[in-house]
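Residue-level listing of the chains:
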Amino acid sequence: MNRFNRNGLRCLVSIALLMVAATWISAAEPSCFTVVLLPDTQFYSESHPQTYVAQTQWIKDHAQSENIRFAIHLGDVVNRFGVQQQWENADRAHAVLDGVVPYSITPGNHDLDRNGDVMTRGTTRFNKYFSPTRFKDRDWYGGHLGQGNENNFCFFEANGMRFMVVSLEYSPTDAMLQWAGRVIEEHPQDHVIVATHCYMRPDGRDTKCSKTKELVGNCGEMIWQKLIRKHPNIFMVVSGHVIGTGHQTSTNEAGKPVHEILVDYQGLPNGGDGWLALMRFKPDENKIAIEAYSPLLDKSKSSPADTYTLQYNIAPAVPVGAQ
């Protein structure tokens, strides 16, 4: 074999190896990825614990096929904060995800302690089962405000980008919003999703959650004015609390779009029939396809309020590892 043929063979082998490596990389890191929204589970914890487990089991079983990078609980983990069995049901459901799929969780109004009939900001039960200790050894867990896990932030990576999920408790105070603002400012290159229990209604931002007589806090409109619109890397806000679904796209101070999404199926039969919101990110198309899917019913919703597509420039500002 002459030198030309030998060199040609080496080139062909090198190209073949590169093609195999590229195929492996593509399979290991597909461009599309999924984030799952887990809306109000209060009635599952109370009366349909098998549905709660079915939801998290589906997430676990499809972690690879759907390339699920993160799951976000939207609050109201339980229906009655003082009933331990409900917390145990929730704990059992989330244990399915522990060590498999990163997830965030934050309390809704039903998860907060009460003094008689008066709601407080106490989180005795919530932090018994979902304290920072549960997440402290996870490399994707970023931290929390104070001693508890009511307000926390987490990270996930996908397609060469890093995302941060900042979760805020029901009707967050000004101090909580200020803390969130500092955390976001410390990570200017991250794509940020803010999750809080009460922010949107089907027809726009909430204006009522701040008027609960027991708590002094901020409604959705106040959260937008004080936090969301001021930070250019927040591209999405997700919430539950209000029965129904809805979405709108607003423009922040930097002139960038912010997608605001409501998902809450608790008004449907069986506590919500197990509906999840699957957010499939498609960076090559700069689209996010939202799909309502129920593992319990094994079907999707076709309504425009439940299944739709958002436009968003998902290209990373700075690749992961280059910051």
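The structure we're discussing is the one just above.
Residues numbered from 1 in each chain as written. Predicted model: local features only at pLDDT ≥ 70, side-chain atom pairs only at ≥ 80, totals over all residues. Heavy atoms only, no water.

This next bit is on the overall build of the chain. Along its length, the chain carries 8 helices and 18 strands. Looking at the chain as a whole, 53% of its 323 residues are labelled buried. Here the analysis covers contacts within the chain between residues at least 6 apart in sequence; of these, 66% occur between residues at least 24 apart. Carbon and sulfur atoms provide 52% of the accessible area of the chain, an area that totals close to 14,200 Å². (Helix = DSSP H or I, 4+ residues; strand = E, 2+ residues; numbered from the N terminus. Buried < 20%, exposed > 50% of the residue type's maximum accessible area, 1.4 Å probe, protein only. Contact = heavy atoms within 4.5 Å. Areas by Shrake-Rupley, 256 points an atom, 1.4 Å probe, with all protein chains shown as cover.)

This paragraph deals with unusual backbone geometry. Positive phi, close to 60°, is recorded for Asp 76, a residue that is not glycine. Among the secondary structure elements, Asp 76 is positioned in the loop between strand 2 (68–73) and helix 4 (84–95). Residue Asp 76 is classed as buried on the basis of its relative accessible area, which comes to 1%. With a phi close to 55°, Asn 159 is a non-glycine residue in the positive phi region. Looking at where Asn 159 falls in the secondary structure, it is placed in the loop between strand 7 (152–158) and strand 8 (161–168).

Inspection of every chain in the model, using the stated rule, returns 14 salt bridges. Here Asp 206 and Arg 201 are joined by a salt bridge, their closest N and O atoms 2.8 Å apart. As a salt-bridge pair, Arg 229 and Glu 253 come within 2.4 Å of each other at their nearest N and O atoms. In this pair, Arg 229 is assigned in the loop between helix 8 (220–226) and strand 12 (234–239) and Glu 253 in the loop between strand 13 (244–251) and strand 14 (257–264), connecting sequence segments 24 residues apart. Judged by relative accessible area, which is 24%, Arg 229 ranks as partly exposed. Connected via shared salt-bridge partners are Glu 66, Arg 280 and Glu 291. (Salt bridge = Lys/Arg side-chain N within 4 Å of Asp/Glu carboxyl O.)

Sheet strands line up and pair through hydrogen bonds in the backbone, either parallel or antiparallel. Pairing is mixed across the open sheet formed by 7 strands, whose spatial order is 6-7-8-9-12-14-13. The open sheet has two edge strands, strand 6 (141–144) and strand 13, and neither has a second partner. Between one strand axis and the next, the sheet turns through 15° on average, direction left out of account. By the bridge criterion, 3 bridges tie strand 6 to strand 7 in an arrangement that is antiparallel. (Pairing = 2+ DSSP bridges. Axes fitted to C-alpha atoms, helices over the stretch in contact; angles between N-to-C directions.)

Our focus in this paragraph is the packing of aromatic side chains. One pass over the full model with this rule turns up 21 aromatic pairs. Measuring from centroid to centroid gives 5.2 Å for Trp 58 and Tyr 293, while their planes differ by 40°, and the two rings are tilted. Taken as a pair, Trp 58 in helix 3 (residues 49–61) and Tyr 293 in strand 16 (residues 287–294) lie far apart in primary sequence, 235 residues in all. Note on Trp 58: relative accessible area 10%, which makes it buried. Overall, Tyr 293 belongs to the buried group, its relative accessible area being 11%. (Phe/Tyr/Trp six-rings, centres within 6.5 Å; stacked < 30°, edge-to-face > 60°.)

Bringing the nonpolar core into the picture now. Formed by 58 residues in total, the largest nonpolar core has its most connected members in Ile 72, Ile 261 and Ile 288. Every residue in contact with Ile 261, bar those within four places of it in the chain, is listed here: Leu 37, Met 200, Met 236, Val 237, Val 238, Ser 239, Gly 246, His 247, Met 279, Ile 290, Tyr 308 and Leu 310. If you look at the next biggest cluster of nonpolar residues, it comprises 23 residues, including Val 166, Leu 177, Tyr 199 and Ile 234. (Core = buried A, V, L, I, M, F, W, Y, C linked by side-chain atoms within 4.5 Å.)

This part takes up the environment of Ile 288. Relative to the helices and strands, Ile 288 is located in strand 16. By relative accessible area, Ile 288 is classed as buried at 0%. If we skip the residues at most four places from it in the chain, Ile 288 touches Phe 235, Met 236, Met 279, Arg 280, Phe 281, Tyr 308, Thr 309, Leu 310, Tyr 312 and Ile 314.

Its location among the elements puts Asp 273 in the loop between strand 14 and strand 15 (276–282). It is Lys 299 that comes nearest to the buried, bridge-free Asp 273 among opposite-charge side chains, at 7.2 Å. Of the polar contacts made by the side chain of Asp 273, one reaches the side chain of Asn 270; its length is 2.8 Å. Those residues in contact with Asp 273, other than ones at most four positions away along the chain, are Tyr 44, Ser 294, Leu 296 and Leu 297. (Lys, Arg positive; Asp, Glu negative; His and termini not counted. Polar contact = N/O pair within 3.5 Å; in protein donor to acceptor, adjacent residues only side chain to side chain.)

In protein chemistry, a disulfide is the covalent bond that joins the sulfur atoms of two cysteines. Scanning all chains against the criterion turns up 1 disulfide. Disulfide pairing places Cys 198 opposite Cys 209 at an S-S distance of 1.8 Å. Across the S-S bond of Cys 198 and Cys 209 the torsion is about 80°, and the bridge reads as right-handed. Placement of the pair is Cys 198 in the loop between strand 9 (191–196) and strand 10 (200–201) and Cys 209 in the loop between strand 11 (204–205) and helix 8, with a sequence separation of 11 residues. Using a relative accessible area of 0% as the deciding quantity, one classes Cys 198 as buried. Look at Cys 209 and you get buried, because its relative accessible area is 3%. With no disulfide of its own, Cys 219 lies closest to Cys 209 among cysteine sulfurs, the gap being 7.4 Å. (Disulfide = S-S within 2.5 Å.)

In short, geometric facts, not functional conclusions.
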